[in-house]
Amino acid sequence: MQPGAQNATVAPRGPLAWGQLNFLHTTDTHGWLEGHLKEQNYGADWGDFVSFTRHMRHKSGNLGVDLLLIDTGDLHDGNGLSDASSPNGALSNLVFENVDYDLLTIGNHELYVTDIAYETFNQFSKVYGERYLTSNVQILNNQTGEFEYIGSKFRYFTTAHGLRIMSFGVLYDFKGNSNVSKVIKAADLVKETWFLDAVQYPEPIDLFLVIGHNPVRPTAGGSTFGTLYKTIRGLRPDTPIQAFGGHTHIRDFAVFDDKSTGLESGRYCETVGWLSMSGINSSTFKGNMKPRGVPNPTQPAVNVTATGGNPTKSNLLYQRRYLDFNRLTFAYHAVGSQDNTFDLHSGERVTDLITTDRKALNLTALYGCAPATYCQSCKPFGAEGNIFPLLATALATTVINQSRADIPRLIIINTGSVRFDLVEGPFTFDDSFIVSPFTDAFQFIPDVPYNYASQILGVINAGPADKKRRDLGPRDFSFTPMTGEVCPEGTAEHAHDSLKPRSEPMTRGLHRRQTTATTPGYVTKDDFGTDGDDTIHSKIPFYPQPEYLQANASFPTDGSEPTTVDLIFLDFIVADVLAALKSVGAKEAASDVSYYLPKTFTTNSYLPAYAKIAWQANVPNCPVGAGVGSGS
Ligand SMILES: Nc1ccn([C@@H]2O[C@H](COP(=O)(O)O)[C@@H](O)[C@H]2O)c(=O)n1
Ligand SMILES: [Zn+2]
Ligand SMILES: [Zn+2]
């Protein structure tokens, strides 16, 4: 745990059930390896996770069962530890690599920027060798001029206790990658000869493991697990298929059929997914089907939340749990690993490395003192305490081209560029990445007739869901709830509405005042019901937010409408804005677009610039929250 971070006070609901085969799963860590310095529920750092995984490995050995560690990508963009280095991930990947994963796969955030794609290919993928799976992602080899797979296309392996596994790693049909990589669509992948040969491998297969930076629920927009599942099941009607997904930043567990399920394990080092299973038929398995002295999995793969459920014929039994990322949780479940103390030297070394990196990156450098907490979705859009009015003010205050300062302007950003709540108190270099990590720059079209420009926000916000995000097909779920008191009835219960998150993360700011046994946090409903959250939490509110936000500045002070405006928008959303202009009949087109500010002023710049203007005076009286500023 990093200096100043706090440990959780509420213990898990009970011991984990261990089966014949067990998994620990992380996804969408987005650089949060320092842990959540301002949140008790997620106060562990990556060093604590290293100790935890090693204890769990020992424990699995003692129990005579297999344990596999899996990560499903998106390693950067979201935290100073990953994003303050160049290229981002250069330091945090060295921290991440201390976990001895058995299988990993690539996320979209490894592919937006060419330098990062090559860093992933040349450095990160080599650390894990054949365990890094990229069944549908290739990169241009500059030497040969040919595209080659970044990692392995598939991996056939035998576990320590003799299970024979065929594994694939499949990214959703991502379209926003830079031009040095190629993402092969799932519909094409499943027709490739090598894939079909791997599914029909001549050696025995006891289980298929399909991991992917890919929403795990096949019916979720953007997921390609359905395509993969149908193909494998069509060729192998009786073999268990186990999926691990990510990208949508939620806790979820989906039942595909009586021997196929999928787990998704949240985001940002808030969640470690646990899955255990027993009943896999294997002539070579030499371990324990039901390890003694611990609970064993009891749930058949039946969707208990669907009307009527579904029948099961298989002998497979499962347990899924979503573990909160804190030391109390880790130490609780590590008991029985033979080591008396939780902290292992290997873990402590990683904790020290994070502390050193944070100092070197100057992550506690202070821009100002935020007067309040502003959340992404705990309040209705535009309400007091909602982050977007603050961001509109910050944009209007800082996005100014001095030569055009007096010209009325509309500034549009995608709300997906905002990744986390902004917490009352010190606003640091680290927080600038936590809230708005990307480096998308501000483009504009000058002198757009106001009657056209004023329609753009409405058009892009109302646009068909499948046009809203340039890098995901039908739907992106990256909106995620964050703070609050009590969830209005039903917000977390609409778990089967594919446009809603299936679980809701812990509050920032409020939870430290909790003294009762239950703190606000994830309340998850999935296909196995409502007992998946390892720590029982109270619900927190969630309000959907629009996809785009608009600020305006230098408008006539008499309240009249301007005739024309500078229409300013992020380069990341230029295609959406141009399409909207066309749809309202404006003549402006791509050739009219240029940069409004230097490309170095980005979505990661406007909040620090605003904090320096608006929040520096508060610094002497700034309340120092737990852990804030103590990392250096
Ligand atoms: N340059 C970028 C890149 C991404 N975004 C936003 O992030 C979303 C994807 O993030 P995931 O963790 O869900 O993969 C993407 O849909 C955009 O909203 C961005 O704003 N700028
Ligand atoms: Zn992600
Ligand atoms: Zn993603």
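Parameters and conventions
- Chains are numbered independently. Their residues run from 1 in the order of the written sequence.
- The naming scheme follows written order: chains are lettered A onward, ligands numbered 1 onward.
- Thresholds applied to this predicted model are a pLDDT of at least 70 for local features of residues and 80 or more for the giving and counting of side-chain atom pairs; totals over whole chains, interfaces and linings are not thresholded and use all residues.
- Helix numbering and strand numbering both begin at the N terminus, where a helix is a DSSP run of H or I of at least 4 residues and a strand a DSSP run of E of at least 2.
- We call two residues in contact when their backbone-placed C-beta atoms lie within 7 Å.
- Annotation comment: domain bounds sourced from an automatic or database domain assignment.
- Exposure classes come from backbone-placed C-beta atoms, where a residue is buried if 20 or more other C-beta atoms lie within 10 Å of its own, exposed if 12 or fewer do, and partly exposed in between.
- Two strands pair under a simple rule: DSSP has to find at least two bridges between them.

**A closer look at the environment of Leu-391**
And step 1. Topologically, Leu-391 is positioned in helix α10 (residues 387–398).
And step 2. Put simply, Leu-391 and Ala-551 are 160 residues apart on the chain and 8.2 Å apart in space, counted from C-alpha to C-alpha.
And step 3. Aside from chain neighbours lying at most four places away, what touches Leu-391 is Val-418 and Leu-549.

**Examining the domain arrangement of the protein**
And step 1. Here the protein is described as being made up of domain 1 (29–359) and domain 2 (364–475 + 547–621).
And step 2. For domain 1 versus domain 2, the distance between C-alpha centres works out to 35 Å.

**A look at the environment of Gly-145**
And step 1. Here Gly-145 shows up in the loop between β5 (137–140) and β6 (147–149).
And step 2. The exposure class of Gly-145 is exposed, given the 7 C-beta atoms found within 10 Å.
And step 3. Along the chain, Gly-145 and Ala-306 lie 161 residues apart, while their C-alpha atoms are 50 Å from each other.

**With respect to the pairing of strand β8 (residues 164–169)**
And step 1. In terms of burial, β8 is largely enclosed, as five of its six residues are buried.
And step 2. With five bridges joining them, strand β7 (residues 154–158) and β8 adopt antiparallel strand pairing. Directly across from Phe-157, in β8, lies its bridge partner Ile-165.
And step 3. In textbook terms, the turn of a hairpin is the stretch between consecutive antiparallel strands, and for β7 and β8 this stretch comprises five residues, one of which, Gly-162, has a positive phi near 100°.
And step 4. In this sheet, strand β10 (residues 207–211) lies alongside β8 in parallel orientation, the contact comprising five bridges. By the bridge assignment, Gly-169 is partnered in β10 with Ile-211.

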